[in-house]
Amino acid sequence: MNITTGTLVGKDQTKSNFYLPFSFIITSFLSLFVFSIFLIVGGPLFEGATIRSAVGIGAVHLFILGFATTLAMGAVYQLVPVVTNETLYSIRLGVLHYFLFTTGSIGILIGFFQFHPLIIIGSSILAVTGVVIFLANIFLTIKKANAFTSILFATISSFVYLLLTVVSGLLMGVNFAFSLFLTHHSSLLATHIWFGFVGWFLFLIVGFSFKMLPMFYLAHGYPIKLQKWILIVLHLSLVVITVNFFLQLGFVVLICGLGLFLIALGLYRFHIYQIQQKKFKRNPGKGITLTVYALDAFILFVVISIGALFFKPSLFQSLSFLTAISVLYLFGWVGVTILGYLSKIVPFLWWTFCFGERVGKEDVPSLHQMIDEQIIFYRLLFLSIMVILLASSIYFQLPMLAFISQVCLGLCIIFYFAHILKVFTYS
Amino acid sequence: MDYLVTKEEVTKALRKVIDPELGVDVVGLGLIYEVTIQNEGLVLITMTLTTPGCPLHDTLVNGVKSAVQSLPTVEKVDVNLVWEPEWSPEKMSPEIRKLFF
């Protein structure tokens, strides 16, 4: 056997790699719990088939900033040292980022619930500072490792869009307070939503799946050429659509941008197929299987939406349509994908923390013993059905059904979490 | 010290190190490329992981060290982590491979 010289491995980084990601993950859990309670007892959020009230916007930001973004940051702190095989550039900067971003996010939420632009501006500055520190820390870690891959390119891209999302939100707050550039307010709002929903989440999910899916499928020898094209086309679609928001180049340009978006999604799905062709495990885990189904459903949803917009351009002005597709995208695809991955990440992190140092010395449980993935699958399926019901009732303007499905969605999230939290009973 | 540890004893100890995601030990997975017994209780393990940047990098390497270190006649364990030849599912033992397909 030809064995090339490797590295003699010494220091255990298990514990130091645990606390920072876990601080973000626990904070995100608390946010999701508060969000769920808010869905259950906070009254109807979708009156008039929109979510444009200050309270509604606050609730959406609680989900995006408090839960999804905070969780994603924790996952990046866990993933980047693993992918680069290098310690984080600075744990201290990570802690500073945690306090700045968490304080900023809480401030933004208070600002929304009270609708106070100055609180939103001040808090956004804290959040932006946190994101900049985070970006620098991750970039310096990647530079230290000298290991720039598609996964890391996607991760950095997603955080650039996150930064632009917070900056455009900050500019909107400035606009509200001082009326500096009123003509661009709608363009800023559209950019804020587009970068936040798509740039930030999609790049992150795509980048994570480049690493995680082959691991969960135990796939080897699959081609990776497509990865860079997926990211390039996705960037192109984001740029084309954003330029159109500001320059109003017309319907054709918008449809071209959406077409590019669909091509990027198609290439991404084809790449997953390439991974699946080289898989060695039949079952990557039920939660992960569901994220692949969710992607198929998402692509179908994009095809139908683009088709509907093509034949009926007035839907671009329909708030009930735009709110419904936002709900389907955010709580449906993004939510289900994050929660699906979480069903793997949480047991793994907890296992590493509790049992990592006991491996080889005593019997330790496997990840499959710590979480029942069949239960995860069904609970996420219930959750998905509630999201579809909620979006449908928003589109067809059925406020009572929207309220009932909103409450049920809150219950579904808690129902799902009850099972995830069982992981922590192992020690 | 009365006798040097044998390869069989080291391999038996290594079978206690389980990949928690796959539920299979590192020997059955084909992650252990070579076990070298050197004099004075020094054991050198050459191993790989299923993929570079495996999240279980530290855990499995330290598990291997702990398992072998627990043998009474072993004084020191060094783990040499290599990426060539690259691991592939074909490196699993046939009986373990059957569990996957």
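To be clear, the structure that these remarks concern was listed above.
Residues numbered from 1 in each chain as written. Chains lettered and ligands numbered in written order. Predicted model: local features only at pLDDT ≥ 70, side-chain atom pairs only at ≥ 80, totals over all residues. Heavy atoms only, no water.

Attention shifts here to the overall build of chain B. Along its length, chain B carries three helices and five strands. In sequence order, chain B lays out its α and β elements as α-β-β-β-β-α-β-α. Over its C-alpha atoms, taken along the principal directions, chain B stretches across nearly 45 × 25 × 20 Å. For chain B, with 101 residues in total, the buried portion stands at 57%. When contacts within chain B are restricted to residue pairs at least 6 apart in sequence, those whose partners lie at least 24 apart make up 61%. Carbon and sulfur atoms make up 52% of the accessible area of chain B, which totals about 4500 Å². The distance from the centre of the 9 positive side-chain charges to the centre of the 15 negative ones in chain B is 4 Å. (Helix = DSSP H or I, 4+ residues; strand = E, 2+ residues; numbered from the N terminus. Buried < 20%, exposed > 50% of the residue type's maximum accessible area, 1.4 Å probe, protein only. Contact = heavy atoms within 4.5 Å. Areas by Shrake-Rupley, 256 points an atom, 1.4 Å probe, with all protein chains shown as cover. Lys, Arg positive; Asp, Glu negative; His and termini not counted. Charge placed at Lys NZ, Arg CZ, Asp CG, Glu CD.)

All names here are of chain A. Under the criterion given, the structure shown has 30 aromatic pairs over all chains. Ring centres 6.4 Å apart and planes at 75° place the aromatic pair Phe261 and Phe298 in the edge-to-face group. One end of the pair, Phe261, is in helix 8 (residues 251-277); the other, Phe298, is in helix 9 (residues 286-311), and 37 residues separate them in sequence. Taking the relative accessible area as the measure of exposure, Phe298 reaches 3% and is therefore buried. Through a chain of ring-to-ring contacts, three or more aromatic side chains come together here, namely Phe24, Tyr77, Tyr98, Phe99, Phe134, Phe159, Trp200 and Phe201. The residue whose ring lies beneath Lys344 is Phe216, and the NZ or CZ to ring-centre distance is 5.0 Å. Positioned above the aromatic ring of Phe415, the side-chain terminus of Arg379 is 3.8 Å from the ring centre. (Phe/Tyr/Trp six-rings, centres within 6.5 Å; stacked < 30°, edge-to-face > 60°. Lys NZ or Arg CZ within 6 Å of the ring centre and 35° of its normal.)

On to helix 10 (residues 319-355) of chain A, then. Residues and elements named next belong to chain A. Counted at 1.5 Å a residue, the expected span for helix 10 with its 37 residues is 54 Å, and the 50 Å between its end C-alpha atoms agrees. Largest kink in helix 10: about 35°, centred on Gly335. By the criterion of burial, helix 10 is predominantly enclosed, with 31 of the 37 residues buried. (Expected span 1.5 Å × (residues − 1). Bend = angle between axes of the 7 residues up to and from the residue.)

Our focus in this paragraph is the pairing of strand 4 (residues 42-47) of chain B. Residue and element names in this part refer to chain B. Bridging between strand 3 (residues 32-38) and strand 4 involves six bridges; their strand directions are antiparallel. Pairing of Val35 across the sheet is with Ile45, part of strand 4. In the sheet, strand 4 pairs with strand 5 (residues 76-81) via six bridges, with the strands oriented parallel. By the bridge assignment for strand 5, Val43 is matched with Val77. With helix 2 (residues 57-69) bridging strand 4 and its parallel neighbour strand 5, the resulting β-α-β unit is right-handed. (Pairing = 2+ DSSP bridges. Right-handed = clockwise from strand over helix to strand, strands pointing away.)

On to the packing of helix 5 (residues 150-178) of chain A against helix 6 (residues 185-217) of chain A. Residues and elements named next belong to chain A. Relative orientation of the contacting elements helix 5 and helix 6 amounts to 160°, with a least axis distance of 8 Å. Between helix 5 and helix 6, the angle is such that the two are roughly antiparallel. At the point where helix 5 passes helix 6, the crossing takes the left-handed sense. Tallied by class, the residues present in the contact of helix 5 with helix 6 amount to 16 nonpolar, 13 polar and one charged. (Axes fitted to C-alpha atoms, helices over the stretch in contact; angles between N-to-C directions. Parallel < 35°, antiparallel > 145°, perpendicular 65-115°, else oblique. Left-handed = near helix turned anticlockwise from the far one by under 90°. Nonpolar A, V, L, I, M, F, W, Y, C, P; charged D, E, K, R; others polar.)

Now for the state of the cysteines. All names here are of chain A. According to the stated counting rule, one finds zero disulfides over all chains in the structure shown. Lacking any disulfide linkage, Cys408 is separated from the closest cysteine sulfur, that of Cys412, by 6.7 Å. Note on Cys412: relative accessible area 10%, which makes it buried. (Disulfide = S-S within 2.5 Å.)

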